[in-house]
Number of protein chains: 2
Amino acid sequence: MTAIGICAPGKRLDRRHADRLLEVMEQDPALAGISIEFHPQCFARSGHFAGDDETRLAALLECANDPTKDAVWFAHGGYGTNRIAASAIDRLGPAARDKIFLGYSDTGYFLSALYMHGIGKPVHGPMVADIRHDYGESAVKRSLHYLAGERDGLEGDLDDKPTVALNLMTLAMLCGTELMPDLSGHVVLVEEVSEHLYAIDRLFFHVTQHLGGIAGLRLGRISDVPENDRPFGASAEDIAQYWCGKAGIPYLGRADIGHDSANKIVPFGLAERASRQ
Amino acid sequence: MTAIGICAPGKRLDRRHADRLLEVMEQDPALAGISIEFHPQCFARSGHFAGDDETRLAALLECANDPTKDAVWFAHGGYGTNRIAASAIDRLGPAARDKIFLGYSDTGYFLSALYMHGIGKPVHGPMVADIRHDYGESAVKRSLHYLAGERDGLEGDLDDKPTVALNLMTLAMLCGTELMPDLSGHVVLVEEVSEHLYAIDRLFFHVTQHLGGIAGLRLGRISDVPENDRPFGASAEDIAQYWCGKAGIPYLGRADIGHDSANKIVPFGLAERASRQ
């Protein structure tokens, strides 16, 4: 049995998406060995967030410090994890030590902080709310199967180097802060959604100056780029290659991650790649 | 006579705005002692930019290294100055040493780099393209009168501490890069336009972790905030105070700067505040 606690450190989860997840799980016999529990905080509301900072922090700590749970799965991205990540790290107990923490996008602030402190097993992958996308069922199943011990959903080109996967904006905001792990020797995978290409260029200017010593960068999908009043004049891959070249960072090609249903699993570091079955 | 060279390190200038500036200058006898020269690069076009990187860099260097010019005035913000700022710094000659460089927003990358290297006199203030705003005439006149030696347009609450004024996104992207000056002991003024409040919060999270040791922060206008699908739950000033509080940075109140016609003049550092008349 794999027991999963679900909380929402940023944006609240729509109850319809939670219900749909339960339906999907009932219809898949391979998921019979998984139990999930939605922390009530998933559905709380306070301005932009799924409850105020104290509420979200308390729920994250309850899930992380619960010795009956094998994993914490994040319900949604949005924005807000950075506001509670440092406080959460300070209050993690022994039950958090070997847990998987699975999410991406805004929850990357906490995944990075966990990785920095060597606590738990942070993993990039689809979240509950991804069920709302076309083919979203396949996205949430990828994470559930991973949490159950299967490894079919891993990003296909992970090599022998430690790896992290982060949203580009999240990575840019992490750089130089108390939540930023040392990524020397790592392959860094980045993806982005709903940002103009000039903003992508600006973010690459920033992050490549902070990523000296990494083993290389791989570019996930840059999706839903808003139309601007004038064309940027370069593609997202041109941009990544340009800034990597300037900073002496090896550009290692594309990565199969993004804000979409095809988003693959990327465990932080080198662990949690082998099947548990 | 004050001779001003104008170039556009980011976005191209509309010819109508250049023509309008000339009209405004003709109608103001107090500006008779000023001559301006638009570098042809102001009107160039290459994708997102006013000419490609080489073209913009060459024009910036021609204006900066021209011994017959007293000041370089930037035509427009937009995006792109960060792509040429470091190369420009490396190639500035003696004629740049005592020049005023006046702009804000995206041109803050170069103003910061100048300040970091102790080259010239970087000044935050309205640019040529600000003439397009309501009351834009008053904005461009404020900069022209400043360049002519008057000091009426200075931000009203500058104190005895060295000061810089930067767009919040520009400052966030500068943090930790080769263009970032040491701002210890400085009062830092920030402003922003067209960003959601959650993005403002995220930027404050980032910049306050990089601004340890500053004398304090003052908040300019946060304007044209797009409407989101849910209210953020805190004002821009709440956000600034919150993150300053967490980082131990004194929050010193509001500042009279922003992406608007009321945008006041802020010389970087302590110099260039006294009238030359």
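Since this is a predicted model, take the numbers as computed values, not measurements.

1. Considering the sheet that holds strand E10 (residues 266-267) of chain A
Residue and element names in this part refer to chain A.
Turning to step 1, where the next piece is worked out: The strand order across the open sheet formed by six strands is E2-E1-E3-E4-E5-E10, and the pairing between neighbours is mixed. Looking along the sheet, the strands with just one partner apiece sit at the ends: strand E2 (34-38) and E10.
Turning to step 2, where the next piece is worked out: Alignment of strand E3 (residues 71-74) against strand E4 (residues 100-103), held across three bridges, turns out to be parallel. By the bridge assignment, Val-72 is partnered in E4 with Phe-101.
Turning to step 3, where the next piece is worked out: Strands strand E1 (2-7), E2 and E3 of the sheet are contacted by helix H1 (residues 15-26), whose axis makes an angle of about 170 degrees with E2.
Turning to step 4, where the next piece is worked out: This element, helix H4 (residues 108-117), spans E3, E4 and strand E5 (121-124) of the sheet and lies at about 145 degrees to E5.

2. Let's talk about H4 of chain A
Residue pairs spaced three or four apart in an α-helix point in one direction, given the helix's 3.6 residues per turn.
Residue and element names in this part refer to chain A.
Turning to step 1, where the next piece is worked out: Within H4, seven of the 10 residues are buried, which leaves the element mostly enclosed by the surrounding structure.
Turning to step 2, where the next piece is worked out: For H4, the full list of buried residues reads Gly-108, Tyr-109, Phe-110, Leu-111, Ser-112, Ala-113 and Leu-114.
Turning to step 3, where the next piece is worked out: Backbone geometry just downstream of H4 places Gly-118 in the positive-phi region, at approximately 65 degrees.

3. Some words on the UniProt feature "domain: LD-carboxypeptidase N-terminal" (unreviewed entry) in chain A
Turning to step 1, where the next piece is worked out: Summarizing the sequence annotation, UniProt attributes the feature "domain: LD-carboxypeptidase N-terminal" (unreviewed entry) to residues 4-120 of chain A in the numbering used throughout.
Turning to step 2, where the next piece is worked out: Across residues 4-120 of chain A, the secondary structure splits into 34% helix and 15% strand, with the terminal C-alpha atoms separated by 14 Å.

4. Some details on the nonpolar core
Turning to step 1, where the next piece is worked out: Grouped together as the largest cluster of nonpolar side chains are 119 residues, with contacts concentrated most on Phe-110 and Phe-204 of chain A together with Phe-110 and Phe-204 of chain B.
Turning to step 2, where the next piece is worked out: Apart from the residues within four sequence positions on either side, Phe-110 of chain B is in contact with Leu-60, Phe-74, Thr-81, Ala-85, Ala-88, Ile-89, Leu-92 and Phe-101 of chain B.

5. Overview of the pairing of E1 of chain A
Residues and elements named next belong to chain A.
Turning to step 1, where the next piece is worked out: Of all six residues that make up E1, six are buried, and the element is covered over most of its length.
Turning to step 2, where the next piece is worked out: With five bridges connecting them, E1 and E2 associate as parallel partners. By the bridge assignment for E2, Ile-4 is matched with Ile-36.
Turning to step 3, where the next piece is worked out: You can see the chain leave E1, run along H1 and come back into E2, and the turn it takes is right-handed.
Turning to step 4, where the next piece is worked out: Relative to E3, E1 runs parallel, the two being bridged by four bridges. The partner of Gly-5 across the bridge, within E3, is Val-72.

6. A closer look at the relation of the copies chain B and chain A
Turning to step 1, where the next piece is worked out: Note on the identical chains: chain B maps onto chain A by a rotation of 180 degrees and an axial translation of 0.0 Å, with an RMSD of 0.0 Å. Classification of the inter-copy transformation places it as that of a two-fold axis. Minimal C-alpha distance to the rotation axis in chain B is attained by Gly-176 of chain B, lying at 3.4 Å.
Turning to step 2, where the next piece is worked out: Here 100% of the interface residues in chain B have copies in chain A that are interface residues too; the copies meet face to matching face.

7. Remarks on the domain arrangement of chain A
Residues and elements named next belong to chain A.
Turning to step 1, where the next piece is worked out: Partitioning chain A into structural domains gives domain 1 (2-153) and domain 2 (163-254).
Turning to step 2, where the next piece is worked out: A separation of 25 Å is found between the C-alpha centroids of domain 1 and domain 2.
Turning to step 3, where the next piece is worked out: With 13 residues of domain 1 at the contact, the number on the domain 2 side is 14 residues.
Turning to step 4, where the next piece is worked out: Carbon and sulfur atoms supply 69% of the area that domain 1 and domain 2 bury against each other, a total of about 1,100 Å² over both sides.
Turning to step 5, where the next piece is worked out: Of all residues in domain 1, the largest losses of buried area upon contact with domain 2 belong to Tyr-109, Tyr-115 and Met-116, amounting jointly to 46% of the total for that side.
Turning to step 6, where the next piece is worked out: Linking domain 1 with domain 2 are zero salt bridges.

8. Re the interface of chain B and chain A
Turning to step 1, where the next piece is worked out: At the junction of the two partners, chain B supplies 36 residues and chain A supplies 36 residues.
Turning to step 2, where the next piece is worked out: Here chain B and chain A share an interface that buries about 3,100 Å² over both sides, 55% of which is from carbon and sulfur atoms.
Turning to step 3, where the next piece is worked out: It is His-48, Arg-202 and Arg-230 of chain B that lose the most area in chain B upon contact with chain A, and together they represent 21% of the buried surface on that side.
Turning to step 4, where the next piece is worked out: Measuring nitrogen to oxygen at the nearest pair gives 2.8 Å for the salt bridge that ties Asp-201 of chain A to Arg-83 of chain B.
Turning to step 5, where the next piece is worked out: The tally of links between chain B and chain A comes to 19 residue pairs in polar contact (both at pLDDT 80 or more).
Turning to step 6, where the next piece is worked out: For the side of chain B that touches chain A, the elements supplying multiple residues, two or more each, are helix H6 (168-174), helix H7 (197-210) and helix H8 (236-247) of chain B.
Turning to step 7, where the next piece is worked out: Top contributing element to the side of chain B that touches chain A by residue count: H7 of chain B, with eight residues.
Turning to step 8, where the next piece is worked out: Across the side of chain B that touches chain A, the residue classes tally to 16 nonpolar, 10 polar and 10 charged.

9. Considerations on H7 of chain B
Turning to step 1, where the next piece is worked out: Here H7 of chain B contains 14 residues, and its C-alpha end-to-end distance of 20 Å stays within 8% of the 20 Å for a straight helix at 1.5 Å per residue.
Turning to step 2, where the next piece is worked out: Of all the 14 residues making up H7 of chain B, 10 are buried; the element is thus mostly covered by neighbouring parts of the structure.

10. Brief notes about the packing of H1 of chain A against helix H5 (residues 136-147) of chain A
Axis angle and axis distance: for two packed helices, these are the angle between their axes and the distance between the axes, and together they describe the pair.
All names here are of chain A.
Turning to step 1, where the next piece is worked out: Between H1 and H5, whose axes approach to 11 Å, the crossing angle comes to 70 degrees. Here H5 runs roughly perpendicular to H1, going by the angle between their axes. Between H1 and H5 lies a crossing of right-handed hand. On H5, the residues that touch Arg-20, Leu-21, Val-24 and Met-25 of H1 are Glu-137, Val-140, Lys-141 and Leu-144.
Turning to step 2, where the next piece is worked out: Across the contact of H1 with H5, the residue classes break down as five nonpolar, no polar and three charged.

11. Brief notes about the pattern of salt bridges
Residue and element names in this part refer to chain A.
Turning to step 1, where the next piece is worked out: On inspection of all chains with the given rule, the structure shows 42 salt bridges over all chains.
Turning to step 2, where the next piece is worked out: Two residues, Arg-151 and Glu-272, come together in a salt bridge whose shortest N-O distance is 3.5 Å. Of the two residues, Arg-151 sits in the loop between H5 and strand E6 (163-167) while Glu-272 sits in the segment after E10, which places them 121 residues apart along the sequence.
Turning to step 3, where the next piece is worked out: For the salt bridge of Asp-157 with Arg-218, the shortest nitrogen-to-oxygen distance reads 3.9 Å. With Asp-157 in the loop between H5 and E6 and Arg-218 in strand E8 (residues 216-223), the pair connects residues that are 61 residues apart, well separated along the chain.
Turning to step 4, where the next piece is worked out: Accessibility expressed as a relative area gives 54% for Asp-157, which makes it exposed.

Thresholds, definitions, all that
Residues numbered from 1 in each chain as written. Chains lettered and ligands numbered in written order. Predicted model: local features only at pLDDT ≥ 70, side-chain atom pairs only at ≥ 80, totals over all residues. Heavy atoms only, no water. Pairing = 2+ DSSP bridges. Helix = DSSP H or I, 4+ residues; strand = E, 2+ residues; numbered from the N terminus. Contact = heavy atoms within 4.5 Å. Axes fitted to C-alpha atoms, helices over the stretch in contact; angles between N-to-C directions. Buried < 20%, exposed > 50% of the residue type's maximum accessible area, 1.4 Å probe, protein only. UniProt positions renumbered as here; feature names shortened; annotations may be inferred. Core = buried A, V, L, I, M, F, W, Y, C linked by side-chain atoms within 4.5 Å. Right-handed = clockwise from strand over helix to strand, strands pointing away. Least-squares fit on C-alpha atoms with pLDDT ≥ 70 in both. Domains from an automatic or database assignment. Buried area = accessible area lost by both parts, 1.4 Å probe. Salt bridge = Lys/Arg side-chain N within 4 Å of Asp/Glu carboxyl O. Polar contact = N/O pair within 3.5 Å; in protein donor to acceptor, adjacent residues only side chain to side chain. Nonpolar A, V, L, I, M, F, W, Y, C, P; charged D, E, K, R; others polar. Expected span 1.5 Å × (residues − 1). Parallel < 35°, antiparallel > 145°, perpendicular 65-115°, else oblique. Left-handed = near helix turned anticlockwise from the far one by under 90°.

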